[in-house]
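# Chains, contacts and geometry: an overview
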Amino acid sequence: MALDRPLRVIVAKAGLDGHDRGAKVIARALRDAGMEVIYTGLFQTPEQIVQTAIQEDADGIGLSILSGAHMTLFPLVLEQLAAQGADDIVFFGGGTIPPEDVEELTKRGVRAIFTPGAPLQEIVDFVRRECGKRRAPAA
Amino acid sequence: MPVQQSTDALLREFEEHHPRALARAISLAEAGSAGPLIRQVYERTGRAMTIGLTGPPGVGKSTLSSALVRKARSLGKTVGVISVDPSSPFSHGALLGDRIRLAEHFLDPDVFIRSMASHGHLGGLSGASADAVLLMDAFGLDIVFIETVGVGQSEIEIARLAQTTLVALQPGSGDSIQVLKAGIMEIADIFVVNKADHPMAGQLRREIRSMMEMLDFSGWVPELVATQALDGTGINELWGAIEAHVAYLNESGEIEERRREAFVQQVHQLVLGRLERRLARSISQVALCAGIDPYAAAEGVLRQFGAGEESDDAALPVGRPRAAVKGLA
Ligand SMILES: Nc1nc2c(ncn2[C@@H]2O[C@H](COP(=O)(O)OP(=O)(O)O)[C@@H](O)[C@H]2O)c(=O)[nH]1
Ligand SMILES: [Mg+2]
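Overview of the structure.

Glancing now at the overall build of chain B. Looking only at helices and strands, one finds 11 helices and eight strands in chain B. Split into buried and exposed, the 329 residues of chain B put 52% on the buried side. At a minimum sequence separation of 6, the contacts of chain B that also span at least 24 residues come to 76%. In the structure as shown, chain B presents an accessible area of about 15,400 Å², 55% of it carried by carbon and sulfur atoms.

On to the sheet that holds strand β4 (residues 111-117) of chain B, then. Backbone hydrogen bonds are what pair the strands of a sheet, in a parallel or an antiparallel way. All names here are of chain B. If you trace the seven strands from one edge of the open sheet to the other, you get β4-β2-β5-β1-β6-β7-β8, paired in parallel fashion. Each edge of the open sheet carries a strand with a single partner, namely β4 and β8 (223-226). Each adjacent strand pair in this sheet contributes to an overall mean axis angle of 20°, direction not counted.

All names here are of chain B. Around the magnesium ion (ligand 2), the protein supplies Ser-62 (OG), Asp-98 (OD) and Glu-147 (OE) as donor atoms, at distances of 2.1 to 2.3 Å. In the primary structure, the donors to the magnesium ion (ligand 2) are separated according to the pattern S-x35-D-x48-E. With a gap of 49 residues between them, Asp-98 in the loop between β3 (94-96) and β4 and Glu-147 in strand β5 (residues 143-149) connect regions that are remote in the sequence. The burial state of Asp-98 is the same as that of Glu-147; both residues are buried.

What follows is about the interface of chain A and chain B. Listed by partner, the interface residues are 35 residues for chain A and 34 residues for chain B. Taking both partners together, chain A and chain B bury about 2,900 Å²; carbon and sulfur atoms supply 54% of that area. The tally of links from chain A across to chain B stands at five salt bridges. A salt bridge links Arg-8 of chain A to Glu-30 of chain B; the nearest nitrogen and oxygen atoms lie 3.7 Å apart. On the surface where chain A and chain B come into contact, there are 18 residue pairs in polar contact (both at pLDDT 80 or more). Secondary structure elements with two or more residues in the side of chain A that touches chain B: α1 (21-32), β2 (36-39), α2 (46-55) and α5 (120-135) of chain A. No other element matches α2 of chain A, which puts six residues into the side of chain A that touches chain B.

Once that is clear, we can look at the packing of helix α1 (residues 7-15) of chain B against helix α2 (residues 19-30) of chain B. All names here are of chain B. Where α1 meets α2, the closest approach of the two axes is 8 Å, and the angle between their N-to-C directions is 135°. Judged by the angle between their axes, α1 and α2 are oblique. For the pair α1 and α2, contact is made by Leu-10, Glu-13 and Phe-14 and by Ala-21, Leu-22, Arg-24, Ala-25 and Leu-28, respectively. Residues that form the contact of α1 with α2 fall into these classes: six nonpolar, no polar and two charged.

The next thing to look at is helix α11 (residues 294-306) of chain B. Residues and elements named next belong to chain B. For α11, which comprises 13 residues, the first-to-last C-alpha distance of 18 Å matches the rise-based estimate of 18 Å (1.5 Å per residue) to within 8%. Residues of α11 that are buried: Ala-297, Val-301 and Phe-305. Each buried residue of α11 sits inside an arc of 75° when the element is viewed along its axis, so together they form one side. Summarising the geometry of α11, the exposed residues directed more than 90 degrees from the buried face are Tyr-295, Leu-302, Arg-303 and Gly-306. At its buried positions, α11 is contacted by α10 (254-286). In this structure Asp-293 caps α11, since a side-chain oxygen of it lies 2.8 Å from the backbone nitrogen of Tyr-295.

So, how was this worked out
- Residues numbered from 1 in each chain as written.
- Chains lettered and ligands numbered in written order.
- Predicted model: local features only at pLDDT ≥ 70, side-chain atom pairs only at ≥ 80, totals over all residues.
- Heavy atoms only, no water.
- Helix = DSSP H or I, 4+ residues; strand = E, 2+ residues; numbered from the N terminus.
- Buried < 20%, exposed > 50% of the residue type's maximum accessible area, 1.4 Å probe, protein only.
- Contact = heavy atoms within 4.5 Å.
- Areas by Shrake-Rupley, 256 points an atom, 1.4 Å probe, with all protein chains shown as cover.
- Pairing = 2+ DSSP bridges.
- Axes fitted to C-alpha atoms, helices over the stretch in contact; angles between N-to-C directions.
- Donors = N, O, S within 2.8 Å, 3.2 Å for Na, K, Ca; no water.
- Buried area = accessible area lost by both parts, 1.4 Å probe.
- Salt bridge = Lys/Arg side-chain N within 4 Å of Asp/Glu carboxyl O.
- Polar contact = N/O pair within 3.5 Å; in protein donor to acceptor, adjacent residues only side chain to side chain.
- Parallel < 35°, antiparallel > 145°, perpendicular 65-115°, else oblique.
- Nonpolar A, V, L, I, M, F, W, Y, C, P; charged D, E, K, R; others polar.
- Expected span 1.5 Å × (residues − 1).
- Arc of directions from axis to C-beta.

Shown next, in the form of C-alpha coordinates:
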(Lines give C-alpha, C1' and ligand atoms only; values in the text may rest on other atoms or scores of the structure.)
(Ligands and ions follow the chains in the order given, each with its own letter.)
Protein backbone atom coordinates (compact mmCIF):
# COMPACT_ATOMS: atom_id res chain seq x y z
CA MET A 1 0.00 0.00 0.00
CA ALA A 2 2.95 2.25 -0.63
CA LEU A 3 1.88 5.62 -1.85
CA ASP A 4 3.77 7.50 -4.50
CA ARG A 5 6.04 9.82 -2.66
CA PRO A 6 7.46 12.86 -4.46
CA LEU A 7 11.15 12.85 -5.28
CA ARG A 8 13.19 14.75 -2.72
CA VAL A 9 16.09 16.92 -3.81
CA ILE A 10 18.52 19.06 -1.83
CA VAL A 11 19.42 22.33 -3.51
CA ALA A 12 22.54 23.72 -1.88
CA LYS A 13 24.99 26.54 -2.23
CA ALA A 14 28.51 26.00 -1.07
CA GLY A 15 31.53 28.19 -0.70
CA LEU A 16 31.85 31.88 -0.23
CA ASP A 17 29.82 33.35 -3.06
CA GLY A 18 26.54 34.87 -2.02
CA HIS A 19 24.68 34.46 -5.32
CA ASP A 20 21.77 32.10 -4.98
CA ARG A 21 19.49 33.37 -7.72
CA GLY A 22 20.35 30.49 -10.04
CA ALA A 23 19.91 27.94 -7.28
CA LYS A 24 16.51 29.39 -6.40
CA VAL A 25 15.36 29.28 -10.03
CA ILE A 26 16.29 25.58 -10.19
CA ALA A 27 14.63 24.95 -6.83
CA ARG A 28 11.37 26.48 -8.02
CA ALA A 29 11.48 24.60 -11.33
CA LEU A 30 11.89 21.29 -9.49
CA ARG A 31 9.08 22.17 -7.12
CA ASP A 32 6.82 23.06 -10.04
CA ALA A 33 7.67 19.65 -11.50
CA GLY A 34 6.15 18.11 -8.36
CA MET A 35 9.29 17.47 -6.32
CA GLU A 36 10.01 18.27 -2.71
CA VAL A 37 12.99 20.59 -2.70
CA ILE A 38 14.92 21.17 0.48
CA TYR A 39 16.75 24.45 0.28
CA THR A 40 19.68 24.78 2.67
CA GLY A 41 20.71 28.38 2.21
CA LEU A 42 24.09 29.89 1.49
CA PHE A 43 27.60 28.98 2.58
CA GLN A 44 27.13 25.30 3.25
CA THR A 45 30.12 23.03 3.78
CA PRO A 46 30.29 19.63 2.04
CA GLU A 47 29.77 17.93 5.42
CA GLN A 48 26.65 19.96 6.11
CA ILE A 49 25.24 19.20 2.66
CA VAL A 50 25.75 15.47 2.99
CA GLN A 51 24.38 15.31 6.55
CA THR A 52 21.31 17.19 5.33
CA ALA A 53 20.86 14.78 2.43
CA ILE A 54 21.05 11.80 4.77
CA GLN A 55 18.57 13.12 7.34
CA GLU A 56 16.19 14.24 4.62
CA ASP A 57 16.52 10.91 2.81
CA ALA A 58 17.13 12.87 -0.37
CA ASP A 59 17.18 11.22 -3.77
CA GLY A 60 19.42 13.89 -5.20
CA ILE A 61 21.70 16.78 -4.36
CA GLY A 62 22.09 19.75 -6.66
CA LEU A 63 25.00 21.98 -5.79
CA SER A 64 25.50 25.41 -7.27
CA ILE A 65 28.96 26.93 -7.25
CA LEU A 66 29.83 30.25 -8.82
CA SER A 67 32.88 31.11 -6.79
CA GLY A 68 35.40 29.19 -8.88
CA ALA A 69 36.04 26.72 -6.05
CA HIS A 70 34.29 23.89 -7.89
CA MET A 71 37.41 21.72 -8.26
CA THR A 72 37.70 21.52 -4.47
CA LEU A 73 34.06 21.58 -3.39
CA PHE A 74 32.55 19.01 -5.78
CA PRO A 75 35.21 16.37 -4.96
CA LEU A 76 34.77 17.06 -1.23
CA VAL A 77 31.05 16.33 -1.50
CA LEU A 78 31.81 13.12 -3.43
CA GLU A 79 34.25 12.15 -0.71
CA GLN A 80 31.69 12.79 2.02
CA LEU A 81 29.02 10.83 0.18
CA ALA A 82 31.36 7.86 -0.14
CA ALA A 83 32.48 8.13 3.49
CA GLN A 84 28.86 8.09 4.66
CA GLY A 85 27.87 5.20 2.41
CA ALA A 86 25.50 7.58 0.67
CA ASP A 87 26.86 7.53 -2.86
CA ASP A 88 23.58 6.20 -4.21
CA ILE A 89 22.31 9.77 -3.92
CA VAL A 90 22.31 11.43 -7.35
CA PHE A 91 24.82 14.27 -7.11
CA PHE A 92 24.72 16.96 -9.78
CA GLY A 93 25.79 20.56 -10.04
CA GLY A 94 25.69 23.85 -11.79
CA GLY A 95 27.76 26.93 -12.23
CA THR A 96 30.16 28.73 -14.49
CA ILE A 97 32.51 25.82 -14.99
CA PRO A 98 34.87 25.39 -17.95
CA PRO A 99 34.32 22.32 -20.19
CA GLU A 100 37.57 20.61 -19.18
CA ASP A 101 36.59 20.84 -15.49
CA VAL A 102 33.12 19.53 -16.29
CA GLU A 103 34.72 16.53 -17.95
CA GLU A 104 37.08 15.90 -15.05
CA LEU A 105 34.30 16.21 -12.44
CA THR A 106 31.89 13.93 -14.25
CA LYS A 107 34.70 11.41 -14.60
CA ARG A 108 35.13 11.54 -10.83
CA GLY A 109 31.44 10.87 -10.19
CA VAL A 110 29.41 14.07 -10.42
CA ARG A 111 26.45 12.82 -12.45
CA ALA A 112 25.90 15.96 -14.48
CA ILE A 113 26.96 19.57 -14.51
CA PHE A 114 24.75 22.25 -15.99
CA THR A 115 26.39 25.45 -17.11
CA PRO A 116 24.60 28.79 -17.55
CA GLY A 117 22.14 28.63 -20.42
CA ALA A 118 21.17 25.00 -19.85
CA PRO A 119 17.40 24.83 -20.40
CA LEU A 120 15.49 24.37 -17.12
CA GLN A 121 13.50 21.56 -18.70
CA GLU A 122 16.70 19.64 -19.38
CA ILE A 123 17.66 19.87 -15.70
CA VAL A 124 14.17 18.86 -14.55
CA ASP A 125 14.15 15.89 -16.93
CA PHE A 126 17.60 14.80 -15.76
CA VAL A 127 16.63 14.93 -12.08
CA ARG A 128 13.35 13.14 -12.67
CA ARG A 129 15.00 10.38 -14.71
CA GLU A 130 18.08 9.76 -12.55
CA CYS A 131 16.42 10.16 -9.15
CA GLY A 132 13.51 8.07 -10.41
CA LYS A 133 15.95 5.27 -11.24
CA ARG A 134 17.32 5.43 -7.73
CA ARG A 135 13.81 5.03 -6.32
CA ALA A 136 12.91 2.03 -8.43
CA PRO A 137 16.07 0.16 -9.37
CA ALA A 138 15.59 -1.65 -12.69
CA ALA A 139 12.88 -4.14 -11.77
CA MET B 1 23.23 0.82 1.26
CA PRO B 2 20.33 -0.23 -0.93
CA VAL B 3 17.37 2.09 -1.25
CA GLN B 4 14.89 -0.76 -1.12
CA GLN B 5 15.27 -2.55 2.17
CA SER B 6 13.33 -5.18 4.03
CA THR B 7 11.69 -4.16 7.29
CA ASP B 8 14.08 -6.50 9.11
CA ALA B 9 17.18 -4.91 7.62
CA LEU B 10 15.83 -1.45 8.32
CA LEU B 11 14.90 -2.42 11.86
CA ARG B 12 18.41 -3.71 12.47
CA GLU B 13 19.96 -0.45 11.30
CA PHE B 14 17.40 1.51 13.27
CA GLU B 15 18.38 -0.37 16.39
CA GLU B 16 22.06 0.18 15.65
CA HIS B 17 21.20 3.84 15.66
CA HIS B 18 22.08 4.75 12.08
CA PRO B 19 20.61 8.17 11.27
CA ARG B 20 20.03 6.89 7.76
CA ALA B 21 17.67 4.25 9.08
CA LEU B 22 15.61 6.90 10.87
CA ALA B 23 15.58 8.92 7.65
CA ARG B 24 14.37 5.93 5.62
CA ALA B 25 11.78 5.09 8.25
CA ILE B 26 10.31 8.59 8.03
CA SER B 27 10.17 8.23 4.24
CA LEU B 28 8.18 5.05 4.73
CA ALA B 29 5.85 7.03 6.96
CA GLU B 30 5.41 9.58 4.18
CA ALA B 31 4.50 6.77 1.82
CA GLY B 32 1.98 5.44 4.33
CA SER B 33 3.89 2.20 4.79
CA ALA B 34 5.72 2.56 8.10
CA GLY B 35 3.18 0.35 9.86
CA PRO B 36 5.24 -2.84 10.12
CA LEU B 37 8.27 -0.97 11.44
CA ILE B 38 6.28 1.09 13.92
CA ARG B 39 4.68 -2.03 15.32
CA GLN B 40 8.18 -3.33 16.00
CA VAL B 41 9.49 -0.21 17.73
CA TYR B 42 6.33 1.11 19.38
CA GLU B 43 7.24 -0.37 22.72
CA ARG B 44 10.17 2.02 22.93
CA THR B 45 8.06 5.13 22.43
CA GLY B 46 6.50 7.36 25.05
CA ARG B 47 9.73 8.72 26.46
CA ALA B 48 10.32 11.78 24.31
CA MET B 49 9.08 15.21 25.17
CA THR B 50 7.14 16.61 22.25
CA ILE B 51 6.87 20.33 21.67
CA GLY B 52 4.70 21.78 18.92
CA LEU B 53 5.44 25.20 17.49
CA THR B 54 2.88 26.85 15.28
CA GLY B 55 2.00 30.32 14.02
CA PRO B 56 1.73 32.39 10.83
CA PRO B 57 4.53 32.41 8.25
CA GLY B 58 7.46 34.66 9.00
CA VAL B 59 6.94 35.16 12.73
CA GLY B 60 10.21 33.38 13.49
CA LYS B 61 9.17 29.79 14.23
CA SER B 62 12.23 28.22 12.63
CA THR B 63 14.52 30.76 14.28
CA LEU B 64 12.83 29.95 17.60
CA SER B 65 13.26 26.23 16.93
CA SER B 66 16.94 26.77 16.35
CA ALA B 67 17.29 28.74 19.60
CA LEU B 68 15.34 26.09 21.53
CA VAL B 69 17.48 23.33 20.03
CA ARG B 70 20.56 25.24 21.18
CA LYS B 71 19.08 25.42 24.68
CA ALA B 72 18.17 21.72 24.72
CA ARG B 73 21.65 20.79 23.52
CA SER B 74 23.23 22.89 26.25
CA LEU B 75 21.32 20.68 28.68
CA GLY B 76 22.70 17.58 27.00
CA LYS B 77 19.41 16.50 25.40
CA THR B 78 19.26 14.84 22.02
CA VAL B 79 16.82 16.52 19.69
CA GLY B 80 14.61 15.86 16.69
CA VAL B 81 13.03 18.61 14.62
CA ILE B 82 10.13 18.04 12.22
CA SER B 83 9.52 21.07 10.04
CA VAL B 84 6.37 21.15 8.00
CA ASP B 85 5.96 23.60 5.11
CA PRO B 86 3.05 23.93 2.73
CA SER B 87 3.04 22.15 -0.62
CA SER B 88 2.19 23.89 -3.84
CA PRO B 89 -1.51 23.34 -4.52
CA PHE B 90 -0.69 23.12 -8.23
CA SER B 91 2.20 20.71 -8.57
CA HIS B 92 2.10 19.19 -5.06
CA GLY B 93 5.80 19.86 -5.04
CA ALA B 94 7.22 21.91 -2.22
CA LEU B 95 10.04 24.27 -1.44
CA LEU B 96 11.13 23.44 2.08
CA GLY B 97 13.27 26.21 3.52
CA ASP B 98 13.06 25.88 7.29
CA ARG B 99 16.50 24.32 7.42
CA ILE B 100 18.13 27.61 6.51
CA ARG B 101 17.57 28.81 10.09
CA LEU B 102 18.80 25.57 11.62
CA ALA B 103 22.18 25.44 9.86
CA GLU B 104 24.19 25.78 13.08
CA HIS B 105 22.95 22.32 14.11
CA PHE B 106 23.62 20.44 10.84
CA LEU B 107 26.81 18.82 12.04
CA ASP B 108 25.61 17.99 15.52
CA PRO B 109 25.15 14.21 15.55
CA ASP B 110 22.59 14.56 18.33
CA VAL B 111 20.26 16.74 16.29
CA PHE B 112 18.12 15.16 13.57
CA ILE B 113 16.17 17.52 11.32
CA ARG B 114 13.51 16.46 8.88
CA SER B 115 11.54 18.69 6.52
CA MET B 116 8.07 17.58 5.47
CA ALA B 117 5.66 18.92 2.90
CA SER B 118 2.06 19.33 3.92
CA HIS B 119 0.33 17.48 1.08
CA GLY B 120 0.27 14.10 -0.50
CA HIS B 121 0.32 12.08 2.67
CA LEU B 122 -1.80 9.10 3.29
CA GLY B 123 -4.26 9.76 6.06
CA GLY B 124 -3.45 13.43 5.93
CA LEU B 125 -0.34 15.22 6.98
CA SER B 126 -0.91 14.49 10.63
CA GLY B 127 -0.68 10.78 9.82
CA ALA B 128 2.84 11.05 8.44
CA SER B 129 4.04 13.46 11.09
CA ALA B 130 2.52 11.40 13.90
CA ASP B 131 4.55 8.47 12.58
CA ALA B 132 7.64 10.65 12.34
CA VAL B 133 7.23 11.68 15.98
CA LEU B 134 6.87 8.04 17.06
CA LEU B 135 9.94 7.07 15.05
CA MET B 136 12.10 9.84 16.51
CA ASP B 137 10.84 8.92 19.96
CA ALA B 138 11.65 5.24 19.42
CA PHE B 139 15.04 6.20 18.01
CA GLY B 140 15.78 7.59 21.47
CA LEU B 141 15.67 11.34 20.87
CA ASP B 142 14.87 13.12 24.14
CA ILE B 143 12.95 16.06 22.71
CA VAL B 144 11.02 16.35 19.45
CA PHE B 145 10.05 19.76 18.08
CA ILE B 146 7.30 19.95 15.46
CA GLU B 147 7.08 23.19 13.49
CA THR B 148 3.98 23.87 11.41
CA VAL B 149 2.53 26.93 9.72
CA GLY B 150 -0.52 27.65 11.80
CA VAL B 151 -3.13 28.33 9.22
CA GLY B 152 -5.31 25.30 8.82
CA GLN B 153 -7.00 22.37 10.44
CA SER B 154 -4.25 19.87 9.72
CA GLU B 155 -1.72 22.15 11.39
CA ILE B 156 -3.92 22.33 14.46
CA GLU B 157 -4.10 18.55 14.43
CA ILE B 158 -0.34 18.36 14.40
CA ALA B 159 -0.17 20.70 17.34
CA ARG B 160 -2.35 18.20 19.15
CA LEU B 161 0.34 15.58 18.70
CA ALA B 162 2.56 17.55 21.02
CA GLN B 163 2.46 17.54 24.78
CA THR B 164 3.25 21.23 24.87
CA THR B 165 2.09 23.57 22.14
CA LEU B 166 3.67 26.97 21.55
CA VAL B 167 1.82 29.51 19.44
CA ALA B 168 4.21 32.10 18.05
CA LEU B 169 3.02 35.52 16.96
CA GLN B 170 4.68 38.73 15.93
CA PRO B 171 3.82 42.34 16.68
CA GLY B 172 2.41 44.67 14.06
CA SER B 173 1.00 41.94 11.86
CA GLY B 174 -2.61 41.45 10.87
CA ASP B 175 -1.85 37.75 10.37
CA SER B 176 -1.13 37.31 14.03
CA ILE B 177 -4.41 38.92 15.04
CA GLN B 178 -6.27 36.72 12.55
CA VAL B 179 -4.68 33.65 14.06
CA LEU B 180 -5.84 34.71 17.49
CA LYS B 181 -9.37 35.05 16.19
CA ALA B 182 -9.34 31.81 14.22
CA GLY B 183 -9.57 29.52 17.21
CA ILE B 184 -5.91 28.86 17.64
CA MET B 185 -6.10 30.44 21.10
CA GLU B 186 -7.48 27.22 22.46
CA ILE B 187 -4.53 25.09 21.47
CA ALA B 188 -1.82 27.30 22.98
CA ASP B 189 -0.11 26.20 26.16
CA ILE B 190 2.37 29.02 25.77
CA PHE B 191 2.11 32.18 23.68
CA VAL B 192 5.36 33.44 22.29
CA VAL B 193 5.49 37.07 21.22
CA ASN B 194 8.57 36.93 19.03
CA LYS B 195 10.38 39.95 17.57
CA ALA B 196 9.78 41.60 20.92
CA ASP B 197 12.17 44.32 19.76
CA HIS B 198 9.28 45.62 17.62
CA PRO B 199 7.57 48.79 18.96
CA MET B 200 4.11 47.15 18.76
CA ALA B 201 5.12 44.20 20.98
CA GLY B 202 3.37 45.64 24.04
CA GLN B 203 0.14 46.03 22.12
CA LEU B 204 0.20 42.42 20.92
CA ARG B 205 0.70 41.23 24.48
CA ARG B 206 -2.31 43.24 25.62
CA GLU B 207 -4.31 41.85 22.73
CA ILE B 208 -3.46 38.27 23.69
CA ARG B 209 -4.30 38.91 27.33
CA SER B 210 -7.68 40.36 26.49
CA MET B 211 -8.48 37.43 24.20
CA MET B 212 -7.48 35.07 26.97
CA GLU B 213 -9.97 36.72 29.30
CA MET B 214 -12.77 35.49 27.08
CA LEU B 215 -11.76 31.88 27.57
CA ASP B 216 -12.23 29.65 30.57
CA PHE B 217 -9.20 27.81 31.73
CA SER B 218 -9.29 24.92 34.11
CA GLY B 219 -5.91 23.88 35.32
CA TRP B 220 -3.17 25.33 33.13
CA VAL B 221 -3.43 28.98 32.19
CA PRO B 222 -1.33 29.70 29.08
CA GLU B 223 1.87 31.58 29.72
CA LEU B 224 2.95 34.49 27.62
CA VAL B 225 6.63 34.92 26.88
CA ALA B 226 8.35 37.62 24.83
CA THR B 227 11.39 36.57 22.79
CA GLN B 228 13.89 37.76 20.24
CA ALA B 229 14.74 34.49 18.62
CA LEU B 230 17.58 35.93 16.55
CA ASP B 231 19.75 36.93 19.49
CA GLY B 232 18.31 34.49 22.03
CA THR B 233 16.64 37.08 24.27
CA GLY B 234 13.85 35.44 26.27
CA ILE B 235 14.77 31.87 25.31
CA ASN B 236 15.64 30.97 28.90
CA GLU B 237 12.26 32.32 30.03
CA LEU B 238 10.55 30.37 27.26
CA TRP B 239 12.36 27.24 28.33
CA GLY B 240 11.28 27.89 31.90
CA ALA B 241 7.65 28.12 30.74
CA ILE B 242 7.98 24.84 28.84
CA GLU B 243 9.43 23.17 31.93
CA ALA B 244 6.60 24.54 34.04
CA HIS B 245 4.06 23.15 31.59
CA VAL B 246 5.67 19.72 31.53
CA ALA B 247 5.75 19.72 35.33
CA TYR B 248 2.08 20.69 35.38
CA LEU B 249 1.20 17.87 32.96
CA ASN B 250 3.02 15.32 35.07
CA GLU B 251 1.76 16.52 38.44
CA SER B 252 -1.86 16.92 37.38
CA GLY B 253 -1.87 13.66 35.49
CA GLU B 254 -3.02 15.53 32.40
CA ILE B 255 -0.09 13.99 30.55
CA GLU B 256 -2.18 10.85 30.24
CA GLU B 257 -5.01 12.83 28.68
CA ARG B 258 -2.61 14.39 26.17
CA ARG B 259 -1.24 11.02 25.23
CA ARG B 260 -4.69 9.60 24.84
CA GLU B 261 -5.64 12.53 22.61
CA ALA B 262 -2.60 12.01 20.43
CA PHE B 263 -3.26 8.28 20.31
CA VAL B 264 -6.93 8.70 19.44
CA GLN B 265 -6.06 11.14 16.74
CA GLN B 266 -3.51 8.84 15.19
CA VAL B 267 -5.84 5.86 15.21
CA HIS B 268 -8.56 8.05 13.74
CA GLN B 269 -6.23 9.09 10.92
CA LEU B 270 -5.14 5.54 10.22
CA VAL B 271 -8.68 4.25 10.04
CA LEU B 272 -9.82 7.22 8.01
CA GLY B 273 -6.95 6.74 5.57
CA ARG B 274 -7.91 3.15 4.91
CA LEU B 275 -11.59 3.91 4.67
CA GLU B 276 -10.96 6.77 2.29
CA ARG B 277 -9.04 4.57 -0.09
CA ARG B 278 -11.74 1.93 -0.07
CA LEU B 279 -14.35 4.62 -0.43
CA ALA B 280 -12.57 6.07 -3.45
CA ARG B 281 -12.50 2.64 -5.09
CA SER B 282 -16.19 1.98 -4.45
CA ILE B 283 -17.27 5.39 -5.64
CA SER B 284 -15.26 5.19 -8.84
CA GLN B 285 -16.86 1.80 -9.54
CA VAL B 286 -20.38 3.10 -8.93
CA ALA B 287 -19.65 6.15 -11.05
CA LEU B 288 -19.26 3.84 -14.03
CA CYS B 289 -22.93 2.78 -13.80
CA ALA B 290 -24.82 4.67 -16.47
CA GLY B 291 -27.87 6.66 -15.48
CA ILE B 292 -27.66 6.11 -11.73
CA ASP B 293 -28.75 9.02 -9.53
CA PRO B 294 -26.39 10.24 -6.78
CA TYR B 295 -28.58 8.98 -3.93
CA ALA B 296 -28.88 5.49 -5.33
CA ALA B 297 -25.13 5.51 -5.95
CA ALA B 298 -24.45 6.54 -2.35
CA GLU B 299 -26.75 3.74 -1.11
CA GLY B 300 -24.87 1.26 -3.24
CA VAL B 301 -21.49 2.40 -1.98
CA LEU B 302 -22.62 2.27 1.64
CA ARG B 303 -23.99 -1.24 1.22
CA GLN B 304 -20.72 -2.37 -0.31
CA PHE B 305 -18.86 -0.67 2.47
CA GLY B 306 -20.57 -2.36 5.39
CA ALA B 307 -19.54 -5.77 4.11
CA GLY B 308 -15.88 -5.14 3.35
CA GLU B 309 -13.13 -7.56 4.22
CA GLU B 310 -11.31 -5.07 6.43
CA SER B 311 -14.15 -4.61 8.90
CA ASP B 312 -14.11 -7.92 10.70
CA ASP B 313 -11.42 -7.47 13.34
CA ALA B 314 -13.44 -8.60 16.33
CA ALA B 315 -11.13 -8.57 19.32
CA LEU B 316 -9.52 -5.37 20.60
CA PRO B 317 -5.76 -5.58 21.14
CA VAL B 318 -4.42 -5.35 24.69
CA GLY B 319 -2.49 -2.23 25.72
CA ARG B 320 0.59 -1.82 27.82
CA PRO B 321 1.62 0.66 30.53
CA ARG B 322 3.67 3.57 29.25
CA ALA B 323 6.91 4.91 30.63
CA ALA B 324 6.87 8.31 32.27
CA VAL B 325 7.98 11.23 30.17
CA LYS B 326 11.52 12.20 30.88
CA GLY B 327 11.64 15.55 32.60
CA LEU B 328 13.60 18.41 31.24
CA ALA B 329 16.05 18.67 34.08
N1 LIG C 1 13.74 41.51 14.25
C2 LIG C 1 13.62 40.19 14.47
N3 LIG C 1 13.59 39.34 13.42
C4 LIG C 1 13.46 38.01 13.66
C5 LIG C 1 13.38 37.50 14.99
N6 LIG C 1 13.23 36.14 14.91
C7 LIG C 1 13.24 35.83 13.59
N8 LIG C 1 13.39 36.94 12.85
C9 LIG C 1 13.45 37.02 11.37
O10 LIG C 1 12.16 36.74 10.84
C11 LIG C 1 12.27 36.11 9.57
C12 LIG C 1 11.44 34.84 9.52
O13 LIG C 1 11.98 33.89 10.41
P14 LIG C 1 11.63 32.34 10.34
O15 LIG C 1 12.23 31.71 11.53
O16 LIG C 1 12.00 31.78 9.01
O17 LIG C 1 10.05 32.39 10.46
P18 LIG C 1 8.95 31.21 10.26
O19 LIG C 1 8.41 31.36 8.88
O20 LIG C 1 7.91 31.50 11.29
O21 LIG C 1 9.64 29.91 10.48
C22 LIG C 1 13.75 35.86 9.36
O23 LIG C 1 14.27 36.87 8.53
C24 LIG C 1 14.34 35.96 10.75
O25 LIG C 1 15.67 36.36 10.74
C26 LIG C 1 13.42 38.43 16.09
O27 LIG C 1 13.34 38.10 17.27
N28 LIG C 1 13.54 39.76 15.78
MG1 LIG D 1 9.78 28.17 9.26
